[in-house]
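Examination of the molecular architecture
Next come the chains, spelled out residue by residue.
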Amino acid sequence: MNRHVIDHRGPEFAKLGKSVLEGVKKVFQTTGSVFIYPASGTGAWEAAIVNTLSPGDRVLLFETGHFSQLWCQLAKKFGIDVEYVPGSWRVGPDPADVEARLHADSRHTFKAVMVVHNETSTGVTSRVPEIRQAINRARHPALLLVDTISSLGSMDYRHDEWEVDVTVAGSQKGLMLPPGLSFNAVSEKALSVNKNAKLPRSYWDWQEMLHANQAGFFPFTPATNLLFGLREALLMLEEEGLSNVFRRHNRHAEAARAAVREWGLEIVCEDPREYSSSLTAVLVPQGHEADQLRRIILENFDMSLGAGLSKLTNKVFRIGHLGSFNDLMLLGTLGGIEMGLRLAGVPHHSGGVTAAINSLTPQIKKPSLNP
Ligand SMILES: Cc1ncc(COP(=O)(O)O)c(C=O)c1O
């Protein structure tokens, strides 16, 4: 990324633009259009809403955690009538509940179902394919809008196969880039709904993007250096192979959970079908402060763990195992946590790091000390 900026109206840029606009489709597992914005993930959240909805439209949004809450607030600011379905922050949306609510909506007043795929505040992954099946079983025409900000590029996600209409993503997690790019992958149906969607939009307008993107350009000044980075990130993912990338994160997530269990601590996610492969959120025992533990780990080992957000403030810490991440990074992370638990006086069993090592290398037979 540390290169001279090139003319964003010139032929060299057109090649870069075409290569990233085409290449990024593979990560979303789509053959449709993907729009790239110079914005954080919140921008792409807004783009998904203003491009598909009209003032007063009803949507169904499931409470999964801090980020579903923020997306809900954003939609409300645009005059969207959000039915925010309460959740415990420990499980994803129940597909049967999605089906029942849509089935009851015989007049098809819901225009969209909105779901956070990977709740970054809890480490719970929504079962998007089952939610799509529920929508189809209810024969409901609502669009499916999905936030993959902390899953895309680390966890298997299939925009086309799961019939998602708008997938929202960001650069700073699985795509291994600094913050500053965000994405909307869109279905044909979403593009067609876009033509009649009445919310005001200018900067986020898909139609203007579609037009400029055809030649590899953008309707405004693009974040050229981040696009250089994106081109490289896409090459890295392709070199490793997406299925290997997903396997790597599954493996690290399993090892992280093995450590947490060995410590005797509780994982926030209650349903093993919904375990996140990009992060693990861990509850600190009652009477102990997660933020003090995080502070001690930061001061002693220069390692920053994710904080508990909103109602989980001071109750959890979050282990990120997404993006460019390997076995030794995981073991270093878990080692820092185990030492921190000791220093902070948080009750736990030792041996979490060993449990993770056993999880990472189960095939190695224990060598005998007495040959
Ligand atoms: C799941 C999820 N959605 C939305 C956002 C908001 O994205 P940003 O902070 O890049 O605007 C985040 C940020 O971490 C997130 O994790």
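Our structure is the block above this text.
Remember, predicted model here, so these are calculated numbers, not experimental data. (Residues numbered from 1 in each chain as written. Predicted model: local features only at pLDDT ≥ 70, side-chain atom pairs only at ≥ 80, totals over all residues. Heavy atoms only, no water.)

1. Here we look at the overall build of the protein chain
The cut-off we apply is this: The numbering of helices and of strands both runs from the N terminus, where a helix is a DSSP run of H or I of at least 4 residues and a strand a run of E of at least 2. By definition in these notes, contact holds between two residues if any of their heavy atoms fall within 4.5 Å. In short, Shrake-Rupley with a 1.4 Å probe defines the accessible areas, and a residue's cover is counted only from the protein chains shown. Just so you know, the count uses Lys and Arg for positive and Asp and Glu for negative, and it drops His and the chain ends. Every charge is mapped onto a representative atom, which is NZ of Lys, CZ of Arg, CG of Asp or CD of Glu.
Summing up its helical and strand segments, the protein chain has 12 helices and 13 strands in all. The long-range fraction of contacts in the protein chain, counting pairs at least 24 apart against all pairs at least 6 apart in sequence, stands at 72%. For the protein chain, the accessible area works out to roughly 16,400 Å², and carbon and sulfur atoms hold 52% of it. Within the protein chain, one finds 38 positive and 39 negative side-chain charges whose respective centroids are separated by 1 Å.

2. Some thoughts on the packing of helix α11 (residues 327-344) against helix α12 (residues 352-360)
Using the following cut-off: A fitted line through C-alpha atoms serves as each axis, taken over the contacting stretch for helices, and the angle formed by two N-to-C directions is quoted from 0 to 180°. Angular relationships are summarised with four words: roughly parallel below 35 degrees, roughly antiparallel beyond 145, roughly perpendicular across 65 to 115, and oblique for the angles in between. Handedness of a helix crossing follows the sense of rotation of the near helix relative to the far helix, less than a right angle counterclockwise being left-handed and clockwise being right-handed.
Where α11 contacts α12, the axes come no closer than 9 Å and their chain directions differ by 160°. As judged from the angle between their axes, α11 and α12 are roughly antiparallel. The hand of the α11/α12 crossing is right-handed. Contact residues: D327, L330, L331, L334, G335 and E338 in α11; G352, V353, A356, I357 and L360 in α12.

3. Notes on the pairing of strand β1 (residues 34-38)
To be explicit about the condition: Three exposure classes are used, based on accessible area relative to the maximum for each residue type with a 1.4 Å probe and protein chains only: buried under 20%, partly exposed in between, and exposed over 50%. Note: two strands are recorded as paired if DSSP finds a minimum of 2 bridges between them.
The buried count for β1 comes to four of five residues, which makes it a mostly enclosed element. Two strands pair when backbone bridges link them, and β1 and strand β9 (residues 181-186) are joined in this way by five bridges, in the antiparallel orientation. Of the residues in β9, the one forming a bridge with Y37 is S182.

4. Quick look at the pattern of salt bridges
Worth spelling out the cut-off: Whenever a carboxyl oxygen of Asp or Glu lies within 4 Å of a side-chain nitrogen of Lys or Arg, that contact is scored as a salt bridge.
For the structure shown, the criterion picks out 18 salt bridges. A salt bridge links R101 to E83; the nearest nitrogen and oxygen atoms lie 3.0 Å apart. With R101 in helix α4 (residues 95-104) and E83 in strand β3 (residues 81-85), this pair connects stretches of sequence that are 18 residues apart. The residue R201 makes a salt bridge to D205 at a minimum N-O spacing of 3.7 Å. Using a relative accessible area of 15% as the deciding quantity, one classes D205 as buried. One salt-bridge network, in which partners are shared between bridges, spans R58, E83, D97 and R101.

5. Considerations on the layout of surface pockets
Note the following rule: Note on definitions: the grid is 1 Å and covers protein atoms alone; a cavity is a set of points where a 1.4 Å probe fits but cannot get out; a pocket is an open set with protein on both sides within 12 Å along at least five of seven lines; lining residues have an atom within 4 Å of a point. Grid points are joined across faces, edges and corners, and a volume is the space filled by probe spheres set on the points. Classification used: nonpolar for Ala, Val, Leu, Ile, Met, Phe, Trp, Tyr, Cys and Pro, charged for Asp, Glu, Lys and Arg, polar for all others including Gly.
A volume near 290 Å³ is recorded for the largest pocket. Listing elements by their share of the lining of the largest pocket, those giving two or more residues are α5 (128-137) and α9 (242-263). Top element by residues in the lining of the largest pocket is α9. It accounts for four residues. Taken together, the residues that form the lining of the largest pocket break down as six nonpolar, five polar and six charged.

6. Remarks on the nonpolar core
In plain terms, the rule: Nonpolar cores were defined as sets of buried Ala, Val, Leu, Ile, Met, Phe, Trp, Tyr and Cys residues, with membership established by side-chain atoms within 4.5 Å.
Residues F183 and L230 are the most contacted members of the largest nonpolar core, which totals 80 residues. Counting 30 residues, the second largest nonpolar core, distinct from the first, contains A290, I297, L330 and L334.

7. A short note on the site of the ligand
Note the following rule: Definition of nearness: a residue and a molecule or strand are near each other if at least one heavy atom of the residue lies within 4 Å of the molecule or strand. Identification of polar contacts relies on pairs of N or O atoms within 3.5 Å, with a donor-acceptor requirement for protein atoms, meaning one able to donate a hydrogen and the other able to accept it, and with residues adjacent in sequence counted only if both atoms are side-chain atoms.
Contacts to the ligand come from S40, G41, T42, W45, F67, V116, N118, T120, D147, I149, Q172 and K173. Between T120 and the ligand, the recorded distance is 2.5 Å, taken from a side-chain N or O atom to an oxygen atom. One of the side-chain nitrogen or oxygen atoms of K173 is found 2.8 Å away from an oxygen atom of the ligand. Coverage of the ligand by the protein amounts to 86% of the 390 Å² it exposes when considered alone. When residues in the shell around the ligand are grouped by element, the largest group, three residues, is from helix α2 (residues 41-52).

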